[in-house]
Amino acid sequence: MVGVKMAAAAAASIRERQTVALKRMLNFNVPHVKNSTGEPVWKVLIYDRFGQDIISPLLSVKELRDMGITLHLLLHSDRDPIPDVPAVYFVMPTEENIDRMCQDLRNQLYESYYLNFISAISRSKLEDIANAALAASAVTQVAKVFDQYLNFITLEDDMFVLCNQNKELVSYRAINRPDITDTEMETVMDTIVDSLFCFFVTLGAVPIIRCSRGTAAEMVAVKLDKKLRENLRDARNSLFTGDTLGAGQFRYYDFHLNRVNLEESSGVENSPAGARPKRKNKKSYDLTPVDKFWQKHKGSSSVQCCFSPFPEVAESVQQELESYRAQEDEVKRLKSIMGLEGEDEGAISMLSDNTAKLTSAVSSLPELLEKKRLIDLHTNVATAVLEHIKARKLDVYFEYEEKIMSKTTLDKSLLDIISDPDAGTPEDKMRLFLIYYISTQQAPSEADLEQYKKALTDAGCNLNPLQYIKQWKAFAKMASAPASYGNTTTKPMGLLSRVMNTGSQFVMEGVKNLVLKQQNLPVTRILDNLMEMKSNPETDDYRYFDPKMLRGNDSSVPRNKNPFQEAIVFVVGGGNYIEYQNLVDYIKNLAPGLEDHQIQQDD
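What counts as what
- Residues numbered from 1 in each chain as written.
- Predicted model: local features only at pLDDT ≥ 70, side-chain atom pairs only at ≥ 80, totals over all residues.
- Heavy atoms only, no water.
- UniProt positions renumbered as here; feature names shortened; annotations may be inferred.
- Helix = DSSP H or I, 4+ residues; strand = E, 2+ residues; numbered from the N terminus.
- Expected span 1.5 Å × (residues − 1).
- Axes fitted to C-alpha atoms, helices over the stretch in contact; angles between N-to-C directions.
- Parallel < 35°, antiparallel > 145°, perpendicular 65-115°, else oblique.
- Left-handed = near helix turned anticlockwise from the far one by under 90°.
- Contact = heavy atoms within 4.5 Å.
- Nonpolar A, V, L, I, M, F, W, Y, C, P; charged D, E, K, R; others polar.
- Phe/Tyr/Trp six-rings, centres within 6.5 Å; stacked < 30°, edge-to-face > 60°.
- Lys NZ or Arg CZ within 6 Å of the ring centre and 35° of its normal.
- Buried < 20%, exposed > 50% of the residue type's maximum accessible area, 1.4 Å probe, protein only.
- Polar contact = N/O pair within 3.5 Å; in protein donor to acceptor, adjacent residues only side chain to side chain.
- Pairing = 2+ DSSP bridges.
- Right-handed = clockwise from strand over helix to strand, strands pointing away.
- Core = buried A, V, L, I, M, F, W, Y, C linked by side-chain atoms within 4.5 Å.
- Salt bridge = Lys/Arg side-chain N within 4 Å of Asp/Glu carboxyl O.

As annotated in an unreviewed UniProt entry, the protein chain carries the name Sec1 family domain-containing protein 1 and comes from Diceros bicornis minor. If you open the UniProt record of the protein chain and go to Sequence similarities (unreviewed entry), you find "Belongs to the STXBP/unc-18/SEC1 family." UniProt, in the comment section headed Function (unreviewed entry), describes the protein chain in these words: "Plays a role in SNARE-pin assembly and Golgi-to-ER retrograde transport via its interaction with COG4. Involved in vesicular transport between the endoplasmic reticulum and the Golgi."

See below:
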């Protein structure tokens with residue numbers, strides 16, 4: 001589903017809007033003022049897993065502390081009473097959560113209670129809380145109750161996801177299960193619509209909605225249009241008027257909610273024969289918007305499944321490291337000239353005016369240390385990515401996938417690749433075969449298919465995906481290869497032939513040859529047609545909804561004939577980072593004068 005919002009220029013990002021809403025909530029639903037003097041009111045934050053997932057990519061522990069949060073605890077954990085401290089709750093309005101909150105009221109755990117619900121709470125559940133407060137004589141302690149409408153997770157300025165907990169319930173598989181009941185499908189659609197409604201409340205915008213016909217996207221569009229229309233019709237309580245606007249990789253390693261978890265490489269050590277190998281330590285790194293290196297290179301990092309730009313990332317890490325070492329050497333040189341070798345920094349900072357140069361250099365040490373921390377972070381991440389590529393021979397798979405889709409002759413038969421025990425995981429082998437099966441114009445014969453199945457089974461593959469794709473291809477009559485892929489060829493010279501060699505961790509000769517032809521993926525083509533109001537068979541039959549119209553209609557003809565300036569792209573069932581990056585590249589390549597276009601994608 002594609003939702004389009006008209007705007008003259010890009011406004012505050014969704015990350016900024018959701019962060020502001022969270023800070024206001026933590027400030028007892030009073031706008032948070034930056035640089036305010038005086039101590040904050042100390043408080044406890046109580047959240048469920050959904051609330052934790054929403055907060056963690058946006059606010060650090062330090063920022064929570066600055067907001068007066070002394071403790072942040074899970075709702076269903078064992079919590080001791082703190083009777084002289086107010087508590088801010090941020091939870092989903094589920095039966096289980098409501099029961100636990102009522103239990104907290106009965107147990108008099110806190111001084112006062114500020115109840116914030118991620119999605120709107122029903123009247124019946126609100127009455128349950130009121131009855132519990134009455135029974136516990138705690139009515140005066142329930143200070144505020146708010147619906148926050150924050151039921152989505154923002155990972156980038158221009159990207160959000162619906163959920164992290166129970167995400168399989170709104171996945172592609174959940175929507176396309178052959179045995180799904182009408183009731184289950186309605187529940188999935190309602191869950192998606194609730195999150196999208198929260199997104200638009202936070203964004204403060206009422207979108208025009210475009211969607212394909214006869215799909216789950218149409219079901220979402222119809223329900224979202226109805227919900228937006230009902231809210232707009234209620235002028236007194238509308239969430240889109242007045243002051244209430246906004247009130248309310250990574251397949252290589254463990255990455256979610258902008259945190260990457262890695263195992264430290266043990267490296268090469270001279271260990272006694274027969275000694276027990278060292279256990280690898282696990283480390284977590286947060287990739288935040290203040291990390292300039294991440295913001296600059298996230299679109300070209302190989303963690304987003306783009307091998308070709310990886311040398312640029314590796315080269316940039318090396319340049320940052322050399323820059324840091326040069327600055328560090330300069331500080332050491334100045335100290336040596338001044339005869340202060342080994343002196344502490346406090347003595348240096350007390351030097352007179354004639355040592356201003358040294359003082360200036362030393363004053364930059366905190367910034368230098370932070371720079372070193374980020375260099376170490378990205379060095380470790382890049383090294384871990386390279387180790388995974390090497391272990392799974394992903395460069396070889398990348399080359400073969402490209403050749404299959406572009407109808408180029410393979411250097412090695414597909415059966416030999418699948419049968420090679422040293423090349424890739426079972427998932428890699430199954431993915432390669434599925435690409436072949438989808439791309440080939442004529443399906444393999446039954447005898448050949450049985451051979452492939454046996455090889456895949458011997459390699460430890462689960463054949464269920466193949467069975468699904470067979471049914472899908474037969475149903476959709478997708479016998480032809482993707483028309484837009486062209487005859488792109490790739491001639492890699494050994495992605496890892498000289499990795500971590502000749503004194504450098506990131507020597508990547510030959511990788512730049514793995515450059516794909518620039519092309520728009522289907523999601524981007526659809527967006528371009530709808531944004532620019534182009535006539536195209538791919539989108540001519542798309543339905544059109546305008547919730548601001550008094551009466552809805554079943555028209556696929558847009559009432560507005562002018563090109564749109566802003567879009568929210570929502571993929572029902574799940575998008576991926578390749579599609580996201582393709583959309584970002586599309587925006588970058590727009591003609592001058594269209595820089596204010598902004599795309600926000602959810603998967």
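Here helix H7 (residues 182-203) is 22 residues long and its end C-alpha atoms lie 31 Å apart, about the 32 Å a rise of 1.5 Å per residue gives. Looking at the residues trailing H7, positive phi occurs at Gly 204, about 75°.

Quick look at the packing of helix H19 (residues 522-531) against helix H20 (residues 577-588) now. Axis separation between H19 and H20 bottoms out at 8 Å; the angle between their running directions is 40°. It follows from the interaxial angle that H19 and H20 lie oblique. Note on packing geometry: the crossing formed by H19 with H20 is right-handed. For the pair formed by H19 and H20, the contact residues are Val 523, Thr 524, Leu 527 and Asp 528 on the first element and Glu 579, Asn 582, Leu 583 and Tyr 586 on the second. The residue inventory of the contact of H19 with H20, partitioned by class, reads four nonpolar, two polar and two charged.

Bringing the packing of aromatic side chains into the picture now. What characterises a pair of aromatic rings is the spacing of the ring centres plus the angle enclosed by the ring planes. Throughout the structure, instances matching the rule amount to 14 aromatic pairs. Against the face of Phe 28 rests Lys 43, its NZ or CZ located 5.0 Å from the ring centre. Sitting above the plane of the Phe 197 ring, Lys 227 keeps its charged end 5.1 Å from the centroid.

With that settled, the discussion passes to the side chain of Asn 151. In this fold, Asn 151 is placed in the loop between strand S6 (142-147) and strand S7 (153-156). Exposure remark for Asn 151: the relative accessible area of 8% places this residue in the buried category. Of note is the side chain of Asn 151, whose polar atom sits 2.9 Å from the side chain of Asp 194. Those residues in contact with Asn 151, other than ones at most four positions away along the chain, are Ile 54, Met 92, Ile 118, Ser 119, Leu 162, Asp 194, Ser 195 and Cys 198.

Moving on to the sheet that holds strand S2 (residues 43-47). Spatial ordering of the open sheet is given by S3-S2-S4-S5-S6, a layout of five strands whose pairing is parallel. Pairing within the sheet leaves two strands with one partner each, and these edge strands are strand S3 (69-74) and S6. In this sheet, adjacent strand axes meet at a mean angle of 15° when their direction is disregarded. Inspection of the sheet shows S2 paired to strand S4 (residues 87-91) by four bridges, in the parallel sense. Pairing of Leu 45 across the sheet is with Val 88, part of S4. Contacting S4, strand S5 (113-117) and S6, helix H4 (residues 95-107) runs over the sheet at an angle of about 175° to S5.

Right, let's get into the pairing of S4. Counted residue by residue, S4 has five buried out of five residues, so it is predominantly covered. Residues of S4 alternate between two faces, with Ala 87, Tyr 89 and Val 91 on one and Val 88 and Phe 90 on the opposite face, all of them buried. In terms of handedness, the path from S4 via H4 over to S5 forms a crossover that is right-handed.

All right, on to the nonpolar core then. Core analysis: the biggest nonpolar cluster contains 33 residues, and Ile 175, Met 189, Ile 192, Phe 199, Leu 224 and Val 572 have the highest contact counts within it. Put simply, the parts of the chain that give this core at least two residues each are H7, strand S9 (208-211), helix H8 (216-233) and strand S14 (566-570). Counting residues per element, this core draws most heavily on H7, which supplies twelve residues. Grouped together as the second largest cluster of nonpolar side chains are 27 residues, Leu 26, Ile 54, Ile 153 and Val 584 included.

Every second residue of S9 is oriented toward a common face, with Ile 208 and Arg 210 on one face and Ile 209 and Cys 211 on the other, all of them buried. In the sheet, S9 pairs with strand S13 (residues 543-545) via three bridges, with the strands oriented antiparallel. Note that in S13 the partner of Cys 211 across the bridge is Arg 543.

Counted under the stated rule, the structure contains 22 salt bridges. Across the pair Glu 401 and Arg 431 runs a salt bridge whose closest N-O atoms are separated by 2.8 Å. One end of the pair, Glu 401, is in helix H14 (residues 394-405); the other, Arg 431, is in helix H16 (residues 426-439), with 30 residues separating them in the sequence. Residue classification places Glu 401 among the buried residues on the basis of a relative accessible area of 11%.

Time to look at the environment of Asn 520. Assignment of secondary structure puts Asn 520 in the loop between helix H18 (464-476) and H19. Under the relative-accessibility criterion, Asn 520 is labelled partly exposed at 34%. Along the primary structure Asn 520 and Asn 582 are separated by 62 residues, whereas in three dimensions their C-alpha atoms are 6.7 Å apart.

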